[in-house]
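Understanding the architecture of this molecule
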Amino acid sequence: MKKSLLTLAALTAFAGVASAQSSVTLFGLVDQSVMWAKNGNNTMKGVASNQLASNRLGFRGVEDLGGGLKAGFWLEAGMDNDVGGVGGSNGLGGSVMFNRRSTVSLMGGFGEIRLGRDYTPSFWNYTVFDPFGTNGPGSMLNVISTLGSGAITLVRANNTVGYFLPEMGGVYGQLQIAAGEGNTGNKYQGGRVGYAAGPVNVAVAYGRNPDSGGLAANYTDWNVGGSYAFGPAVIMAQYSKRKFDLAGGVDQKTWELGGTYAIGASTLKAAYVRSNGTTSALEARQIAVGYQYDLSKRTALYATYADLKNETGAKFNAAGGLPLAIAAGDKSRALAVGVRHTF
Amino acid sequence: MKKSLLTLAALTAFAGVASAQSSVTLFGLVDQSVMWAKNGNNTMKGVASNQLASNRLGFRGVEDLGGGLKAGFWLEAGMDNDVGGVGGSNGLGGSVMFNRRSTVSLMGGFGEIRLGRDYTPSFWNYTVFDPFGTNGPGSMLNVISTLGSGAITLVRANNTVGYFLPEMGGVYGQLQIAAGEGNTGNKYQGGRVGYAAGPVNVAVAYGRNPDSGGLAANYTDWNVGGSYAFGPAVIMAQYSKRKFDLAGGVDQKTWELGGTYAIGASTLKAAYVRSNGTTSALEARQIAVGYQYDLSKRTALYATYADLKNETGAKFNAAGGLPLAIAAGDKSRALAVGVRHTF
Amino acid sequence: MKKSLLTLAALTAFAGVASAQSSVTLFGLVDQSVMWAKNGNNTMKGVASNQLASNRLGFRGVEDLGGGLKAGFWLEAGMDNDVGGVGGSNGLGGSVMFNRRSTVSLMGGFGEIRLGRDYTPSFWNYTVFDPFGTNGPGSMLNVISTLGSGAITLVRANNTVGYFLPEMGGVYGQLQIAAGEGNTGNKYQGGRVGYAAGPVNVAVAYGRNPDSGGLAANYTDWNVGGSYAFGPAVIMAQYSKRKFDLAGGVDQKTWELGGTYAIGASTLKAAYVRSNGTTSALEARQIAVGYQYDLSKRTALYATYADLKNETGAKFNAAGGLPLAIAAGDKSRALAVGVRHTF
């Protein structure tokens, strides 16, 4: 996603001293759709945010410190614009603001050291190798479970210290630890390494919450994914396994096969998702198709449809964009037709 | 109100790709007053926000897509700056951010299609044809009731799809539907049409909540207003009727006659408001006078005084800017002296 | 602190009328540290915000009204970036946004009149004459008590009207009143006067909450401080006394002696703090040392260590940056190593 769209020019004459390299970028995304959903026999129509991409508003900047060293900050808030709400949370309760990312960084030839609230390394493959990212009816995230572990680090973690490799011939990677500070669901260690060059992108990641659930139980998440582009087509595949040691142990394995095909300003998308686990409550499959038409680099119209089938006991939901309840074993179908605008 | 004051220049060289037409406008308003109020025999002095105009901070932008088509977004937050608080709500509970307006739009020769949280069509006449807008001791809104209907759409609605007519010879209009998504107080359909040319502006609006109150009861709001400018004077009048079918039916009729008179940088304002309803709890009248002195286009000093008389059982309040309780039948008087600054 | 870094250029061509002098400054600070703390026998490691300076994001602007008159606004939000949270509160509960400062001002030869939520006059000496400001393990604020008075005006107050003296030969001063509006802990009157010229800066301040605690009890805070710079060294000292009349009366006296020493881009800091009160629960002493290395005017690395010794019954905490409990009489030690970046 190209998120950087504005740079405010520094002006030294006004009320203070500004260094020449001062720059702050304001960026954001508003995505709203008309949505129709059917879970079991219940249907709902409504307006939903976040069905192609996550609504956000942010400020970020980079300062050149000389000698190859840079400092930077990144403040990114979620938004539920359909109701004018603050989007998302930080898993800890209380009011949040820049809950998508709140970090300060030092960058140089050594890579990047980053402190604050940030995405976990074990999250990235879920979105990068899914034609629907982590948004809307088509996303594989619809069937992902943290297995009752209490881990709040599936996507992001609070109190993190992270390290990112510098650019080096297509290899990329990161390590992260997150302090629990009394909240075991946030205590986390993980890493990710990948390779991207030409048409190929592959990565593997691992994360663990050593004490999630407030007990000495171990929750782990490992996943691997890849994509290959040939001409206008991209195929993607990923596999992941989450495991929780508590009470005899429970695990879930998910895999996805999907792809995108571009024709002019249009992009077609499709994905098949399968989840298997130690109980039928973790068994489901989802089929999704999507169409996106780019009015410009910043603005797109889209339609996404998904059909999710739960086994007995499972209650995964393709219609998370609407507040429509789902019962165990229900089939879930959802269609979102909307517009996504970035700035 | 001229709210657009800043445009940030797009710069393509920084951290991403910016299209040439990128522009984001930061805008806002801070209005603080020293306020004195007397409800019945209780008095309070304090500092209040929003007494001439609503405090706000917003970001908005328009992208030219070519061929007469445009995309735009509008994110506008309320603020209670007297206490550093988030202003207003969305009627649904939970944290709000851009609760005044959170929309994305497509615009063209066909008009505008707008999705998100927005003002309802049936709101606009209340503020456009009131010399005191919808703010402070003088506003007619002080005596408006939604009749216990549970409707949260008097001013704005969540989950809306709206359509606005294009410019066409002074005629303007809009239609809106809002999805309830399980919250019947938000389910809404409405429209407004008007004509503005030279000294004349008139409009009529209608809105309904078909299931407000959680029952199959129908809440409706229709209103009409007009203004006429001759030289430095503007006279305004409006009439409205809200009706709720539950429990035998209840309705409220309100009308207002007011005007403004400009002398150089000064503007004098006056309004008389009358409310009649099916019970004496809906009976009141309000007289208000105001003075505004424009230090510039962006900054004004002002004073507004209102005297509101409730019939037995009515507890309308002219002093909503302060947390001063009011008992049924109390007289309510309020004076706000403040400064309003826009940016 | 140089907080002004960006000025957005006004553009009159876009959607409204902008006066030539329109300018809004976006400013902020992100400070994150790795922190280690030991209170009694309990230890915690984590990531903390605000340990060198307070995280913030703000918008402010000044409009030249001509004739020496200016209007201005200042909106400044706190942030807890380690968890993506909204920082701080306003003492009243509910959601806050620009809780650090939310004001509108008129300025001229007469000085400045300011309305809104703002710092109290009796706060400033605490931070100006402390080598560690009011942040982190080293701050004197760690041992300051409001004596159970219910006063929420130690640092800031809601609903304030303030007056600031104009520039006049090194003398500076301010007066402020804050309306309680039913919240007696916020009702406040105070003032501060000082003199700064060349190497010298001295100031004295007084504030009172006449009805704090919901009773007719009087809470007062008076404090005096000074600093003197000779070459690369600055020495600082301050003394303060807070008194609460309820239940026979209770008071606390605190004093601090500290200094900073600059060598190139490095600054060394040290401070000794002592608190004495009417009970041993108010008795403590704190020793702190710090090191700061400026990578630029905007970015610094730092380390601060403090050792706080409580008398029996006292539970002052040098490790407030982490959620680590402290028991009465516990020793509190904390180390923060971090980076502070302003924009």
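Criteria and cut-off values
- Residues numbered from 1 in each chain as written.
- Chains lettered and ligands numbered in written order.
- Predicted model: local features only at pLDDT ≥ 70, side-chain atom pairs only at ≥ 80, totals over all residues.
- Heavy atoms only, no water.
- Helix = DSSP H or I, 4+ residues; strand = E, 2+ residues; numbered from the N terminus.
- Buried < 20%, exposed > 50% of the residue type's maximum accessible area, 1.4 Å probe, protein only.
- Areas by Shrake-Rupley, 256 points an atom, 1.4 Å probe, with all protein chains shown as cover.
- Patch = residues over 30% accessible without salt bridge, like charges linked within 9 Å, V, L, I, M, F, W, Y side chains within 5 Å.
- Salt bridge = Lys/Arg side-chain N within 4 Å of Asp/Glu carboxyl O.
- Core = buried A, V, L, I, M, F, W, Y, C linked by side-chain atoms within 4.5 Å.
- Contact = heavy atoms within 4.5 Å.
- Phe/Tyr/Trp six-rings, centres within 6.5 Å; stacked < 30°, edge-to-face > 60°.
- Lys NZ or Arg CZ within 6 Å of the ring centre and 35° of its normal.

Focus: the overall build of chain A
Looking only at helices and strands, chain A features 1 helix and 18 strands. For chain A, the C-alpha atoms occupy an extent of roughly 65 × 50 × 45 Å along the three principal directions. Each of the 343 residues in chain A was classed as buried or not, and the buried ones make up 58%. As presented, chain A carries roughly 12300 Å² of accessible surface, and 60% of it is formed by carbon and sulfur atoms.

Considerations on a nonpolar patch on the surface
Residue and element names in this part refer to chain B. On the surface, a nonpolar cluster with roughly 700 Å² of combined accessible area is contributed by Met168, Val171, Val193, Tyr195, Val202, Val204, Tyr206, Trp222 and Val224. Looking at the nonpolar patch, the elements that each hand over two or more residues are β10 (188-197), β11 (200-209) and β12 (219-230). When residues in the nonpolar patch are grouped by element, the largest group, 3 residues, is from β11. You can see Trp222 is positioned in strand β12.

Some details on the nonpolar core
Counting 60 residues, the largest nonpolar core has Phe59 and Phe98 of chain A, Phe59 and Phe98 of chain B together with Phe59 and Phe98 of chain C as the members making the most contacts within it. Ignoring any residue separated from it by four or fewer positions in sequence, one finds Phe59 of chain B in contact with Leu26, Leu57 and Phe59 of chain A, Val24, Thr25, Leu26, Phe27, Phe73, Trp74, Leu75 and Phe98 of chain B together with Phe59 of chain C. Ranked by size, the runner-up nonpolar core spans 25 residues in total, among them Ala151, Leu282, Ala284 and Leu308 of chain C.

Some words on the packing of aromatic side chains
Counted under the stated rule, the structure contains 32 aromatic pairs over all chains. Consider the rings of Trp222 of chain A and Tyr239 of chain A, whose centres lie 6.0 Å apart with planes at 65°: the pair is edge-to-face. Residue Trp222 of chain A is found in strand β12 (residues 219-230), and its partner Tyr239 of chain A is found in strand β13 (residues 233-244); the two are separated by 17 residues along the sequence. One aromatic cluster is present, formed by Phe59 and Phe98 of chain A, Phe59 and Phe98 of chain B together with Phe59 and Phe98 of chain C through successive ring pairs. One residue, Arg60 of chain B, lies across the ring of Phe27 of chain B, its end atom 4.4 Å from the ring centre. Sitting over the face of the ring of Trp74 of chain B, Arg60 of chain B holds its NZ or CZ atom 4.6 Å from the ring centroid.

Quick look at the pattern of salt bridges
Any two side chains of opposite charge can pair if their charged atoms end up close together. According to the stated counting rule, one finds 33 salt bridges over all chains in the structure shown. One salt bridge in this structure joins Arg285 of chain A and Asp307 of chain A, with 3.3 Å as the shortest N-O distance. Of the two residues, Arg285 of chain A is situated in strand β16 (residues 284-294) and Asp307 of chain A in strand β17 (residues 299-310); the sequence distance between them amounts to 22 residues. Here Arg285 of chain A matches Asp307 of chain A in class, with each residue buried. The salt bridge involving Asp251 of chain C is made with Lys253 of chain C; its shortest N-O contact spans 3.7 Å. When its relative accessible area of 13% is taken as the criterion, Asp251 of chain C is described as buried. Owing to a relative accessible area of 33%, Lys253 of chain C belongs among the partly exposed residues under this scheme. If you follow the salt bridges from partner to partner, you end up with Arg101, Glu112, Arg114 and Asp118 of chain A in one network.

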